[in-house]
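Secondary and tertiary structure notes
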Amino acid sequence: MILLAKLDSEQASYHPKQINVAALVEHVADRVLPLAAEDHVTLKKEVAEGMYIYADEEKMLRALLNLVVNGVRHAHSVVKITAAMNGKQKMLVVEDDGEGISEELLPHIFHRFVKGKQGETGLGLAITRAIIEQSGGKITVENKSDEGARFVILFPGNA
Ligand SMILES: Nc1ncnc2c1ncn2[C@@H]1O[C@H](COP(=O)(O)OP(=O)(O)OP(=O)(O)O)[C@@H](O)[C@H]1O
Ligand SMILES: [Mg+2]
């Protein structure tokens, strides 16, 4: 209950501003690098310069960290973060080359306390989705055709 209350109460402390996406991704990578090194996972970045999103910086950092930490945990060897324009939309992608997400789990993966075999509390993705939606974005997930999971975040062009 305390965790759920915390997630809900965070709606009240949302402080949006223009965030440089390249700097945000750099920040995420710096935070994850020690964990990635320990797991022998390479972090790749492909980030368009000059992209901005209007959101709460601390919360966006948390949202992306949750995805990248999951990716590192499940990857065989690589996690890639991409930021690019997708038509008028701004797109952020976090993908790995791990086992992907089981078909049973896939429709429920963003729900609180849903977790797989190597899972921890099952809250990370629920928090991430709440933050992305609070920021006016949308997040989806799919398994890649070859291997691994791909999380795609889209913000409208005016966000
Ligand atoms: N990149 C991924 N590849 C494969 N499975 C994943 C991936 N990301 C998440 N999952 C699955 O989704 C479940 C839910 O993820 P979520 O981040 O919400 O919780 P968690 O990582 O188990 O715990 P925490 O609350 O500490 O983040 C995980 O337990 C795992 O089974
Ligand atoms: Mg997690």
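Just above sits the structure.
Described below are features of the structure shown in this document. Owing to the predicted nature of the structure, the values given are computational and were not obtained by experimental measurement. (Residues numbered from 1 in each chain as written. Chains lettered and ligands numbered in written order. Predicted model: local features only at pLDDT ≥ 70, side-chain atom pairs only at ≥ 80, totals over all residues. Heavy atoms only, no water.)

**Brief notes about the overall build of the chain**
Scanning the chain from N- to C-terminus turns up four helices and seven strands. In sequence order, the secondary structure elements of the chain are arranged as α-β-α-β-β-α-β-β-α-β-β. The globule rule puts the C-alpha radius of gyration for 159 residues at 15 Å, and the 15 Å found for the chain is close to it. Its C-alpha atoms give the chain principal-axis dimensions of about 40 × 35 × 30 Å. (Helix = DSSP H or I, 4+ residues; strand = E, 2+ residues; numbered from the N terminus. Rg over C-alpha atoms; globule rule 2.2 N^0.38 Å.)

**Details of the layout of surface pockets**
As a volume, the largest pocket reaches approximately 750 Å³. Lining the largest pocket we find 30 residues, and of these Asn70, Arg73, His74, Gly116 and Gly119 sit closest to its centre. Those elements that place two or more of their residues in the lining of the largest pocket are α3 (57-74), β5 (89-96), α4 (124-134) and β7 (149-155). Ranked by the residues each element gives to the lining of the largest pocket, the list is headed by α3, at seven residues. Looking at the lining of the largest pocket residue by residue, the class counts come to 11 nonpolar, 13 polar and six charged. (1 Å grid on protein atoms, 1.4 Å probe; cavity = no way out; pocket = protein on both sides within 12 Å on 5 of 7 lines; lining within 4 Å. Points joined across faces, edges and corners; volume = space filled by probe spheres on them. Nonpolar A, V, L, I, M, F, W, Y, C, P; charged D, E, K, R; others polar.)

**Brief notes about the packing of aromatic side chains**
Under the definition given, this model contains one aromatic pair. An angle of 85° between the planes, with centres 6.1 Å apart, marks the rings of Phe110 and Phe151 as edge-to-face. Here the residue Phe110 occupies a position in the loop between β5 and α4, and Phe151 occupies one in strand β7, the gap between them amounting to 41 residues. Of the two residues examined, Phe110 and Phe151, each falls in the buried class. (Phe/Tyr/Trp six-rings, centres within 6.5 Å; stacked < 30°, edge-to-face > 60°. Buried < 20%, exposed > 50% of the residue type's maximum accessible area, 1.4 Å probe, protein only.)

**Some details on the site of ligand 1**
Around ligand 1, the structure places 20 residues, and the nearest of them are Asn70, Asp96, Glu120, Thr121 and Leu125. In this structure, an oxygen atom belonging to ligand 1 sits 2.9 Å away from a main-chain N or O atom of Leu123. For ligand 1, whose accessible area on its own is 600 Å², the fraction buried by protein is 92%. The pocket occupied by ligand 1, as judged from atoms lying within 2 Å of grid points, is the largest pocket. Elements that contribute at least two residues to the shell around ligand 1 include exactly α3 and α4. For the shell around ligand 1, the element with the highest residue contribution is α3, accounting for four residues. (Near = heavy atom within 4 Å. Polar contact = N/O pair within 3.5 Å; in protein donor to acceptor, adjacent residues only side chain to side chain. Areas by Shrake-Rupley, 256 points an atom, 1.4 Å probe, with all protein chains shown as cover. Sits in = over half its atoms within 2 Å of the grid points.)

**Some words on α4**
Buried within α4 we find Leu125, Ala126, Thr128, Ile131 and Ile132. In the core, the buried residues of α4 are packed alongside α3, β6 (138-143) and β7. Remark: Gly136 follows α4 within two positions and exhibits a positive phi of approximately 85°. (Contact = heavy atoms within 4.5 Å.)

**Quick notes on the packing of helix α2 (residues 21-38) against α3**
Angle between the axes and distance between the axes: these two values describe a pair of packed helices. Between α2 and α3, whose axes approach to 9 Å, the crossing angle comes to 40°. In terms of axis orientation, α2 runs oblique to α3. Considering the relative orientation of α2 and α3, their crossing is right-handed. Only Glu57, Met60, Leu61, Arg62, Leu64, Leu65, Val68, Val69 and Val72 of α3 make contact with α2, whose side of the interface consists of Leu24, His27, Val28, Arg31, Val32, Leu35 and Ala36. When grouped by side-chain class, the residues that make up the contact of α2 with α3 number 12 nonpolar, one polar and three charged. (Axes fitted to C-alpha atoms, helices over the stretch in contact; angles between N-to-C directions. Parallel < 35°, antiparallel > 145°, perpendicular 65-115°, else oblique. Left-handed = near helix turned anticlockwise from the far one by under 90°.)

**Some thoughts on the nonpolar core**
Core analysis: the largest hydrophobic core is formed by 41 residues, its most contacted members being Met60, Val68, Leu92 and Phe151. Breaking this core down by element, the ones donating at least two residues are α2, β3 (52-56), α3, β4 (78-86), β5, α4, β6 and β7. The leading source of residues in this core is α3, at eight residues. When residues no more than four places from it in sequence are discounted, the contact partners of Met60 are Ile19, Leu24, Ile53, Ala55, Leu92, Ile131, Ile132, Ser135 and Phe155. (Core = buried A, V, L, I, M, F, W, Y, C linked by side-chain atoms within 4.5 Å.)

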